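Coordinates in review
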4 protein chains.
Amino acid sequence: MPIKKGEKYIQILDAAVKEFAENGYHRTQVARIAKEAGVADGTIYLYFESKEDILVSLFTEKMGDFVDKLKQKLANVNGFREELRTLITHHLEVLGANPAQAMVTQIELRQIDPWINQGISGPLKSYFKVIEEVIRSGQDEGLVCKSLDVRLARKMLFGALDEVVTCWVMTDKKYELVSLADPIFEILESAFCKNK
Amino acid sequence: MPIKKGEKYIQILDAAVKEFAENGYHRTQVARIAKEAGVADGTIYLYFESKEDILVSLFTEKMGDFVDKLKQKLANVNGFREELRTLITHHLEVLGANPAQAMVTQIELRQIDPWINQGISGPLKSYFKVIEEVIRSGQDEGLVCKSLDVRLARKMLFGALDEVVTCWVMTDKKYELVSLADPIFEILESAFCKNK
Amino acid sequence: MPIKKGEKYIQILDAAVKEFAENGYHRTQVARIAKEAGVADGTIYLYFESKEDILVSLFTEKMGDFVDKLKQKLANVNGFREELRTLITHHLEVLGANPAQAMVTQIELRQIDPWINQGISGPLKSYFKVIEEVIRSGQDEGLVCKSLDVRLARKMLFGALDEVVTCWVMTDKKYELVSLADPIFEILESAFCKNK
Amino acid sequence: MPIKKGEKYIQILDAAVKEFAENGYHRTQVARIAKEAGVADGTIYLYFESKEDILVSLFTEKMGDFVDKLKQKLANVNGFREELRTLITHHLEVLGANPAQAMVTQIELRQIDPWINQGISGPLKSYFKVIEEVIRSGQDEGLVCKSLDVRLARKMLFGALDEVVTCWVMTDKKYELVSLADPIFEILESAFCKNK
DNA sequence: CATGAATGAGTATTCATTCAT
DNA sequence: GATGAATGAATACTCATTCAT
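Residues numbered from 1 in each chain as written. Chains lettered and ligands numbered in written order. Predicted model: local features only at pLDDT ≥ 70, side-chain atom pairs only at ≥ 80, totals over all residues. Heavy atoms only, no water.

1. As for the overall build of chain A
Counting its regular elements, chain A contains 9 helices and 0 strands. In terms of overall dimensions, chain A has a C-alpha envelope of 60 × 35 × 30 Å along the principal axes. Residues classed as buried in chain A amount to 54% of the 196 residues present. Considering only contacts within chain A whose residues lie at least 6 apart along the sequence, 71% involve residues at least 24 apart. When the accessible surface of chain A is split by element, carbon and sulfur atoms take 51% of a total near 9,200 Å². Within chain A, the 29 negative side-chain charges are centred at a point lying 2 Å from the centre of the 26 positive side-chain charges. (Helix = DSSP H or I, 4+ residues; strand = E, 2+ residues; numbered from the N terminus. Buried < 20%, exposed > 50% of the residue type's maximum accessible area, 1.4 Å probe, protein only. Contact = heavy atoms within 4.5 Å. Areas by Shrake-Rupley, 256 points an atom, 1.4 Å probe, with all protein chains shown as cover. Lys, Arg positive; Asp, Glu negative; His and termini not counted. Charge placed at Lys NZ, Arg CZ, Asp CG, Glu CD.)

Right, here's the structure in full:
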């Protein structure tokens, strides 16, 4: 039962983001992470169950923050349109501001054996829930058609954002990710709102 | 240089789809594929450069067909709306009809080291090109706003479809994938067409 | 240099017998012994030099008692035959009464690297000495042939007893070990005494 | 399912005896055995399941021979006394002639986790069976008391021989093991035969 | 073309032991 | 004396790939 707190926990996580983003998950040795974090190899295993657990924890840890912050922002905003805009902007801002993090989330995380990586589904689901709530609030507001399949809409919205970020990560992040917020907003707004 | 055709080539590819879909890419040993295909271990390397090449070839091979067929269908259809509908339906039909194939494409393919998997970008790009042409034809037709960023729209469209298929694959394929064609079409039509 | 006495010393030794007998020497972690003993990992090393030292001490500690008690019993007995009987009975009684102890002595102790385990030879030698004295007293008494190689006889006697106990330990201790004292005595008596 | 035959199988086994006898089981690395055998590390695992399997196979392989040869010798001999003498001599001869082998059998083999080493019990049992048959033939012949517990006698006989060999191995094999055959025979004959 | 025995590079993980508190 | 977080050495085993036949 690893210790999920403490200074060393953070050090290791930080070192891991750096190494994973730089060399990829499979090419990164645990010993390398330890060195970068300034701890002994064995110390890693006081805080994580396995190399894979580091990657999953990386995601879980950040995803918790991500959703919490998003919820806060949504609480300060009124109406479906603003909520949608907030959601999109938040997604792009956060990932755009942390390229290494984004790299790991978009690329490396998907290299884990899906038979094992149930670990990421929890935090991800809570994000999905928030997205669905936003869409549903649009329905309540009368802006979004009641007959819209909310789950389907969520998948499409998330998939669209996700692909945009992935492409950005893979093209060496040449442009400002957040600059895409407006055009994306307009497309998604059209997609979901009835008579614009 | 490997022989990229012949009876054994097909046998190996078929064995690989089966094994990858069943056990995942990393958990599948080359020896296992050879056994399933009824050939010797070494024979694999007469037809493929590496284990990874099998996975990539799997994708390339099918993606070629996929795009060819799609182009044929699009040639027989008039107007952006029908083209879009054809695109979506084709995507869902083909993947929905080949669950094992879909499993490999959606899940296993993403486990390859991105530093190496440039192999898939070729065939994928030709699909992207078709998608962009469809959107552009919508602009020419006056249905889609000229100011729409076609590449961005393509990413979102593809991302949306891709996520829908991934979710379907991961939920044990309980429903008919193609049954989602209509609702998806309506959302994407709204997304891209001006005043509906 | 470790403190070879005190309450904690006993606690650790007791915990070790339990764990070794239950899981075997190699499968037992020092941390586990510490936990079972209710002390910190590091505390172990205030009382023992190494994991191996625990096992060796276990043996030494008990072997000291074993030989002392045996000597006392022998002092109260007259004649080779009674001495031999006493020796056999003592061996079977003590080990039969402490199955966990016997398990460790007969099985686990032999898993130690013989390049290091000189530690056990001391206490064992004093037992061997007692056995040899008993045999020699038989010679003095005229019951045992003078030409008998006492060291050889000792090895055979000890080996015979040892194997009997090992078999008992490995067959889940289904019968009373001490019940074998009589038949064993008769065989060994015949073995060593001239014309019975 | 490892290949239990072939030239390489023998090479590896020979290399293993040498290394185990020289450095002990735990101190011997698999890579070292491979080097000594002139094969690649991985090749070991084509012929053996694990490092432990090498040690067990070592014993099994030789024990088969040992028992077969013993049976042949016994077939050419008449009467309990000669059979017993044959048994003892064979035991001492074979082990005395192969000190490295004896080292491994008497010392290293016992370092294997008894929870796993069921592998050795088979071949050993067939030896036990032969010993018991010899004793039983003595009973049939009228030389050994019918009331003697044959299994107990076997354990004592085997334990006695075993301990003698172990002592010999551990004292740097300074004397000829087989020279002990006569005195041992006399002791065991007295032990089991009624009126000498 | 086909074979499959042989190769050997590559590394996550364990756990006895230490030492600063 | 006691603690327990931190250490880091140590290595069996896998499996994609090759090549002699």
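2. Things to note about the relation of the copies chain C and chain D
Each of the two copies of the chain can be brought onto the other by a rotation about an axis and a shift along it. For the pair chain C and chain D, the superposition axis carries a translation of 0.1 Å, the fit reaches an RMSD of 0.2 Å, and the rotation angle comes to 180°. When the rotation and shift are considered jointly, the pair of chain copies conforms to a two-fold rotation axis. Interface residue correspondence from chain C to chain D reaches 100%, placing this contact among same-surface, isologous pairings. (Least-squares fit on C-alpha atoms with pLDDT ≥ 70 in both.)

3. Some details on the interface of chain C and chain D
With 37 residues of chain C in contact, the opposing surface of chain D contributes 37 residues. Between chain C and chain D the total buried area reaches about 2,900 Å² when both faces are included, carbon and sulfur atoms providing 73% of it. The largest per-residue losses of area from chain C upon contact with chain D belong to Trp115, Met156 and Ile187 of chain C, which jointly make up 23% of the total buried on that side. Where chain C meets chain D, there are 0 salt bridges. Across the contact surface, chain C and chain D share 0 residue pairs in polar contact (both at pLDDT 80 or more). Elements represented by at least two residues in the side of chain C that touches chain D include exactly helix H1 (7-23), helix H8 (150-170) and helix H9 (181-192) of chain C. Take the side of chain C that touches chain D: its biggest share by element is 11 residues, from H8 of chain C. Here the side of chain C that touches chain D is composed, by residue class, of 23 nonpolar, 6 polar and 8 charged. (Buried area = accessible area lost by both parts, 1.4 Å probe. Salt bridge = Lys/Arg side-chain N within 4 Å of Asp/Glu carboxyl O. Polar contact = N/O pair within 3.5 Å; in protein donor to acceptor, adjacent residues only side chain to side chain. Nonpolar A, V, L, I, M, F, W, Y, C, P; charged D, E, K, R; others polar.)

4. Looking at the protein's contact with DNA strand F
Taken together, the neighbourhood of DNA strand F is formed by 32 residues, with Thr43 and Tyr47 of chain A, Val30 of chain B together with Lys8 and Thr43 of chain C sitting nearest. Protein-adjacent atoms of DNA strand F, using a 4 Å cutoff, are sugar or phosphate at a proportion of 68%. Within the side chain of Tyr45 of chain B, an N or O atom sits 2.8 Å from a phosphate oxygen of DNA strand F. In this structure, Lys51 of chain D approaches DNA strand F through a main-chain N or O atom, which is 3.1 Å from a phosphate oxygen. Looking at the surface near DNA strand F, its residues break down into 13 nonpolar, 12 polar and 7 charged. (Near = heavy atom within 4 Å.)

5. Description of the protein's contact with DNA strand E
Around DNA strand E there are 31 residues in total, and Lys8 and Thr43 of chain B, Val30 of chain C together with Thr43 and Tyr47 of chain D lie nearest to it. Restricting attention to atoms of DNA strand E within 4 Å of the protein, one finds that 67% of them are sugar or phosphate atoms. Between DNA strand E and Tyr45 of chain A there is a distance of 2.9 Å, counted from a phosphate oxygen to a side-chain nitrogen or oxygen. In this structure, a phosphate oxygen belonging to DNA strand E sits 2.6 Å away from a side-chain N or O atom of Thr43 of chain B. When residues of the surface near DNA strand E are traced back to their parent elements, those giving at least two are helix H3 (41-47) of chain A, helix H3 (41-47) of chain B, helix H3 (41-47) of chain C together with helix H3 (41-47) of chain D. Residues that form the surface near DNA strand E fall into these classes: 13 nonpolar, 12 polar and 6 charged.

6. Section: the environment of Gln101 of chain A
Residues and elements named next belong to chain A. Position of Gln101 relative to the elements: it lies in helix H6 (residues 99-106). With 87 residues separating them along the chain, Gln101 and Asp14 place their C-alpha atoms 9.7 Å apart. Ignoring anything within four residues of it in the chain, the contact list for Gln101 reads Val17, Leu58 and Lys62.

7. Here's the deal with the relation of the copies chain A and chain B
By a simple turn and slide, chain A fits onto chain B: the slide is 0.1 Å along the axis, the RMSD is 0.2 Å, and the turn is 180°. Of the residues that chain A buries at the interface, 100% are likewise interface residues in chain B, meaning the two copies contact each other through the same surface.

8. Details of the environment of Gln139 of chain B
Residue and element names in this part refer to chain B. Relative to the elements of secondary structure, Gln139 occurs in helix H7 (residues 121-140). Overall, Gln139 belongs to the buried group, its relative accessible area being 7%. For the pair Gln139 and Phe192, spaced 53 residues apart in sequence, the C-alpha separation works out to 9.4 Å. Beyond its immediate sequence surroundings of up to four residues, Gln139 is in contact with Val144, Cys145, Lys146, Leu148 and Val150.

9. Structural notes on unusual backbone geometry
Of note, Asp172 of chain B is a non-glycine position whose phi angle comes to about 60°, a positive value. Among the secondary structure elements, Asp172 of chain B is positioned in the loop between helix H8 (150-170) and helix H9 (181-192). Backbone geometry places Lys173 of chain D, a non-glycine residue, at a positive phi of 50°. One can find Lys173 of chain D in the loop between helix H8 (150-170) and helix H9 (181-192).

10. Thoughts on the side chain of Lys51 of chain B
Residues and elements named next belong to chain B. When you line up the elements, Lys51 lands in helix H4 (residues 51-75). Despite being buried, Lys51 has no salt bridge partner; Glu108 is the closest side chain of opposite charge, sitting 8.7 Å away. Of the polar contacts made by the side chain of Lys51, one reaches the backbone oxygen of Thr28; its length is 2.8 Å. Ignoring sequence-local partners within four residues, the contact set of Lys51 consists of Phe20, Tyr25, His26, Thr28, Val30 and Tyr45.

11. Quick look at the packing of aromatic side chains
Following the criterion strictly, the structure yields 20 aromatic pairs over all chains and no others. Three or more aromatic residues joined by ring pairs form one cluster here, namely Phe66, Tyr127, Phe128 and Phe158 of chain A. Note that Lys51 of chain C overlies the ring of Tyr25 of chain C, its terminal NZ or CZ placed 4.6 Å from the centroid. (Phe/Tyr/Trp six-rings, centres within 6.5 Å; stacked < 30°, edge-to-face > 60°. Lys NZ or Arg CZ within 6 Å of the ring centre and 35° of its normal.)

12. Things to note about the interface of chain A and chain B
How big an interface is tends to be reported as the loss of accessible area on association of its parts. Contacts between the two partners involve 37 residues from chain A and, on the opposite side, 38 residues from chain B. When chain A packs against chain B, close to 2,900 Å² is buried across both sides, 73% of that on carbon and sulfur atoms. Interface area lost by chain A to chain B is led by Trp115, Met156 and Ile187 of chain A, which between them contribute 22%. For the interface between chain A and chain B, the tally reads 0 salt bridges. Seen at the junction of chain A and chain B, the total is 0 residue pairs in polar contact (both at pLDDT 80 or more). Residue assignment for the side of chain A that touches chain B shows that the elements contributing at least two residues are helix H1 (7-23), helix H8 (150-170) and helix H9 (181-192) of chain A. By residue number, the principal contributor to the side of chain A that touches chain B is H8 of chain A, which donates 11 residues. Classifying every residue of the side of chain A that touches chain B gives 23 nonpolar, 6 polar and 8 charged.

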